[in-house]
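Read off the chains here:
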Number of protein chains: 2
Amino acid sequence: MGNNVKVYKGNVIFTKTPQEFEQLEGGYIVVEDGKVKEVAQNLPEQYKDAEVVDYGDKLIIPGFIDLHLHAPQFPNRGLGLDKELLPWLETYTFPEEAKFKDTEYAKKVYSRLVRELWKYGTTRSVVFSTIHKDSTKVLMDLFIEAGLGAYVGKVNMNRNSSPDLTEDTQESLKITEELLQEYSDKSPLVKPIITPRFVPSCTAELMKDLGDLAKKYDAPVQSHLSENRGEIEWVKELHPDSKNYADVYDKLGLFGQQPTVMAHCVHVTDDEIKLMADNGVFVAHSPESNYNLSSGIAPIRKFLEAGVNVGFATDISGGHAISMMDVIAGAMKGSKMRWVYLEEEYASLSVPEVFYLATKSAGRFFSKVGKIGSFEEGYEFDALVIDDESISDLNPRSLPERLQRFLYLGDDRNIVERFVSGKNLPEPKVY
Amino acid sequence: MGNNVKVYKGNVIFTKTPQEFEQLEGGYIVVEDGKVKEVAQNLPEQYKDAEVVDYGDKLIIPGFIDLHLHAPQFPNRGLGLDKELLPWLETYTFPEEAKFKDTEYAKKVYSRLVRELWKYGTTRSVVFSTIHKDSTKVLMDLFIEAGLGAYVGKVNMNRNSSPDLTEDTQESLKITEELLQEYSDKSPLVKPIITPRFVPSCTAELMKDLGDLAKKYDAPVQSHLSENRGEIEWVKELHPDSKNYADVYDKLGLFGQQPTVMAHCVHVTDDEIKLMADNGVFVAHSPESNYNLSSGIAPIRKFLEAGVNVGFATDISGGHAISMMDVIAGAMKGSKMRWVYLEEEYASLSVPEVFYLATKSAGRFFSKVGKIGSFEEGYEFDALVIDDESISDLNPRSLPERLQRFLYLGDDRNIVERFVSGKNLPEPKVY
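The rules behind each value
- Residues numbered from 1 in each chain as written.
- Chains lettered and ligands numbered in written order.
- Predicted model: local features only at pLDDT ≥ 70, side-chain atom pairs only at ≥ 80, totals over all residues.
- Heavy atoms only, no water.
- UniProt positions renumbered as here; feature names shortened; annotations may be inferred.
- Helix = DSSP H or I, 4+ residues; strand = E, 2+ residues; numbered from the N terminus.
- Patch = residues over 30% accessible without salt bridge, like charges linked within 9 Å, V, L, I, M, F, W, Y side chains within 5 Å.
- Areas by Shrake-Rupley, 256 points an atom, 1.4 Å probe, with all protein chains shown as cover.
- Salt bridge = Lys/Arg side-chain N within 4 Å of Asp/Glu carboxyl O.
- Lys, Arg positive; Asp, Glu negative; His and termini not counted.
- Charge placed at Lys NZ, Arg CZ, Asp CG, Glu CD.
- Buried < 20%, exposed > 50% of the residue type's maximum accessible area, 1.4 Å probe, protein only.
- Pairing = 2+ DSSP bridges.
- Axes fitted to C-alpha atoms, helices over the stretch in contact; angles between N-to-C directions.
- Contact = heavy atoms within 4.5 Å.

**Observations concerning the UniProt feature "domain: Amidohydrolase-related" (unreviewed entry) in chain A**
Per the UniProt record, "domain: Amidohydrolase-related" (unreviewed entry) is found at residues 60–424 of chain A. The distance separating the terminal C-alpha atoms of residues 60–424 of chain A is 13 Å; by composition the span is 42% helix and 16% strand.

**Observations concerning a negative patch on the surface**
Among the surface-exposed residues, E84(A), E305(B), E344(B) and E345(B) lie close enough to one another that they form a single negatively charged patch. By the secondary structure assignment, E345(B) is in the loop between α11 (324–341) and α12 (351–363).

**Brief notes about helix α13 (residues 399–409) of chain B**
In terms of burial, α13(B) is largely enclosed, as 11 of its 11 residues are buried. Those residues of α13(B) lying buried are L399(B), P400(B), E401(B), R402(B), L403(B), Q404(B), R405(B), F406(B), L407(B), Y408(B) and L409(B).

**Let's talk about the sheet that holds strand β9 (residues 190–192) of chain A**
All names here are of chain A. Here four strands make up an open sheet; going across it, the order is β5-β6-β7-β9 and the pairing parallel. Every other strand in the sheet has two partners, leaving β5 (64–70) and β9 as the edge strands with one partner each. Here the average twist between neighbouring strands, direction ignored, is 15°.

**Comments concerning the sheet that holds strand β4 (residues 51–62) of chain B**
All names here are of chain B. Across the sheet, which stays open at both edges, the seven strands sit in the order β3-β2-β1-β4-β15-β16-β17 with mixed pairing between neighbours. Two strands lie at the open edges of the sheet, namely β3 (35–40) and β17 (423–424), each paired on one side alone. Bridge count for strand β2 (residues 21–32) against β3 is five bridges, and the pairing is antiparallel. When the bridges of β3 are listed, V30 appears paired with E38. Across the face of the sheet, α12 comes into contact with β1 (5–15), β2 and β4 while running at roughly 135° to β1.

**With respect to unusual backbone geometry**
All names here are of chain A. The step from I316 to S317 runs through a cis peptide bond, and the omega angle for that step is 0°. A positive phi angle, close to 85°, is found at H264, a residue other than glycine. Secondary-structure assignment places H264 in strand β12 (residues 260–264). Assessed through its relative accessible area of 1%, H264 is described here as buried. The backbone phi angle of D315 is positive, close to 50°, even though this residue is not glycine. Examined against the element boundaries, D315 turns out to sit in the loop between β14 (309–312) and α11 (324–341). On the basis of relative accessible area, D315 is assigned to the buried category, the value being 3%.

Pasting the structure below:
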């Protein structure tokens, strides 16, 4: 037994596959050097001298993964949701993002965001900042300080934006590269990610050079795809020679040439779905945002059947809630409405499926960082301890029922411990 | 100035019409004998000696109204939502409801439910209990003790149910009438309501006699209408001679002959909508429940344009959340998905509209009790004081923006006082 072994006891529930829960009432998780060594119903003999932390009747589950959120939009959450995507960007989003030229303001907002992610048990996230280099560094340093895992992307945009958010192409590339140099190896948990905002705000020249940077620094890529019908029409006008929206990214080396996650994918075509599957592109499914901005309901069952990687996302602040529990429940509801109104041949999502998507499936996007999102051997011990007493009832319930109820009814009050890579994280400081 | 005058100061926001908010920053609400006398930006001279309770920067809004929930399903909330209506009833609902033969169990569950309604600021509600007389009395007495307003209905069901929930017709009518006699004048806040479960569980004979009882005791009526396609087919088989589902109720005196609220109305026909408008029938729109049980999205804009009365409902436990804020946000999201996928000619719902529906519009169902759901003169002072500091940001926001954010992000922690008919209610006791 190594020196860095710790054992956690409680009601352990997680998923290896989308089909069913793994569950151990009063089970043990053996953690060595921050990674899961073993999950067992009885404490294995060789660990009998290890320190055991007993969480009693509480649940122990993998931490949540948010595959897409806009950190600077944190102040706007819950506002302006009577608009569609493009007018909402103009009215609410761009004016707020322009404020992040000021690193003091950035530190205030970002530290509050990071604390909120911690509160709601989002242990890993994939994040847009703004175009501003210094504020992006503030955000990355705050994630490092908090001990939370994140890919953080300085946004690139050099067309069709407000003047104070329109970059010079060479300057945009230069500071992107500086951040890649400075942060690629600074922390095992927090890494840079290449972040063209979306096709309408980046020229082909900028996007192509960003694709080259991604390759040069072996960095992942994030952007938006097919969120809204108006946006799709616009991309068609801007790139009349491309087969479709996804094809624009693909031709420029930004569609799975490196690990890539695309937010939304609400209205993608069958050709685009095939390309996503072939290229291993991840969908950051943001159901609450897609309802709020009148975008639609992404065809998740269709993605899964086509072999596309799927995870969930809040999309703050198109999505109002930072809680991944709300997003998971939102995804289930939306899949049912697709089934009722759009395509009876695609079944709605089950509880083990949505939990799997929110943890192990999304976790695969972090393959360069480690194995994330499960309690199988070798996975980083990213975990939440859940006290569901306040949402319990007078009847005994199974672990899957208790987890299901937590997803539908739970909030930050039910999350009593948060671990990332084996470290029990204290509440992050707010500035 | 009368003796029973109290004045409340704060950021007052409410609706007189669906089109816009009435708002007074640092305004005054003058309350006399539990009713709103006046809302004013400056304290009127004649009240200058009255006691003023100053809520500072907090919001003061009307209390929420839940037009449809099943009290005995409180223990099941957040469970079994991978099923459709009819199998869900068999598997989860009926076994739980059978337990309410035991008044001790009922008191435990119902006192927890009443406390939860209080917590989340639901000041008036329209409630199904079970078939059991004594447990129904327990529930009514708990509402009276808490000071919350409610219509509570002993459920009637004499066919197509599990054996322990199938009543003898005469016995069902007898105890329904006993409750009407005992409770019609017992409390100004809590009243009985005639409650045939839904067409499939009541014979025409039972429904007709219930319609007569409603008339005899001048009692309102609640039931379910067109929630789910399977259910609608079943009603068609049971009543082949009826024009449609609504027509079954109408012919038996249960469709607006007394004030009537019908839960769901997801798949109603144009003929049914016209009948609802003509008869003044209320829709208890339960969006979260309708998503959870794969029912659909009710056509709220269409109802409003046809002149149908609409309010919102949690439908515990088809709906998982007791929070009317969640229901209101859920209604907005659903109206947007209808607009995207089903009918571009019907605009989605705006924030003032949904707030109006949740308060003043729903409040009209309580016309026999008083004027409910607004701060206009003569309305019962049903109010919530909202401390939104925990969900605020670093920017100044208008009152409508703060209210919108509370609807999307707030929870019970943001509700710091709850008034019903002028009385500030303490936390209800749990047994």
